[in-house]
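# Topology and contacts: notes
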Amino acid sequence: MRKVLMSACLLGRKVRYDGGSLSVHDQLVEKWVSEGWVVPVCPEVEAGMSIPRKPAEIFRGNGNMVLDGETDVVEKGGNVVTEDFIAGASIALELCKKFNIEIAVLAESSPSCGSSFIYDGSFSGNRSPGIGVTVALLRRHGVQVFSQHEVTDANKAIHATSA
């Protein structure tokens, strides 16, 4: 049976840093859930971070740079949480391996899950092109990652990989 890794916050789970969710109301996602395809994950929570927690951003870089040890993930206020983000990414990758997942739909702009944009590390609300730590690790292992704004494309990829 095909499986899709999906950010838990997109499924309505209140796991975001602010204790909220980013629920996606999409017929394709509802179909995936009803057919048992979705494996939810929140890398930060899986790594043991609290709900709520301080906002975190990648400092002057992206998820690949974090994995390569070139920059850090920092909470507002300065606490470095790089290891938590790498641990959460590793757990997400293990879920992909366990369930033979090739497609993920993750929350855009997140320092873990952003697949096109992330916040720029200044805590000013500015986004810049880039990917989060989990996306970087998953892509390094061949997982196709889409944002919640690309559900139709993810669905096409699911059917292409299962054909």
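Scroll up to find the structure.
Read on for a plain summary of the structure. (Residues numbered from 1 in each chain as written. Predicted model: local features only at pLDDT ≥ 70, side-chain atom pairs only at ≥ 80, totals over all residues. Heavy atoms only, no water.)

### A closer look at the overall build of the protein chain
- A count of helices and strands for the protein chain gives six helices and eight strands.
- Referenced to the eigenvectors of the C-alpha coordinate spread, the extents of the protein chain come out at roughly 45 × 30 × 25 Å.
- Burial status across the protein chain gives 45% buried among its 163 residues.
- Split by element, the accessible area of the protein chain, about 7800 Å² in all, is 48% carbon and sulfur.
- Mean positive and mean negative side-chain charge positions of the protein chain (16 and 19 charges, respectively) differ by 4 Å. (Helix = DSSP H or I, 4+ residues; strand = E, 2+ residues; numbered from the N terminus. Buried < 20%, exposed > 50% of the residue type's maximum accessible area, 1.4 Å probe, protein only. Areas by Shrake-Rupley, 256 points an atom, 1.4 Å probe, with all protein chains shown as cover. Lys, Arg positive; Asp, Glu negative; His and termini not counted. Charge placed at Lys NZ, Arg CZ, Asp CG, Glu CD.)

### A look at the side chain of asparagine 155
- Residue position: asparagine 155 is located in helix α6 (residues 151-161).
- By relative accessible area, which is 13% here, asparagine 155 ends up buried.
- What asparagine 155 contacts, discounting residues up to four positions off in sequence, is Leu28 and Trp32. (Contact = heavy atoms within 4.5 Å.)

### Some words on helix α5 (residues 133-140)
- Burial of α5 is extensive: six of the eight residues sit out of reach of the surface.
- Phi turns positive, to about 85°, at glycine 142, one or two residues after α5.

### Brief notes about the packing of aromatic side chains
- In the structure shown here, the tally under the stated rule is zero aromatic pairs.
- Across from the ring centre of phenylalanine 117, 4.8 Å away, lies the NZ or CZ of arginine 127, which sits over that ring. (Phe/Tyr/Trp six-rings, centres within 6.5 Å; stacked < 30°, edge-to-face > 60°. Lys NZ or Arg CZ within 6 Å of the ring centre and 35° of its normal.)

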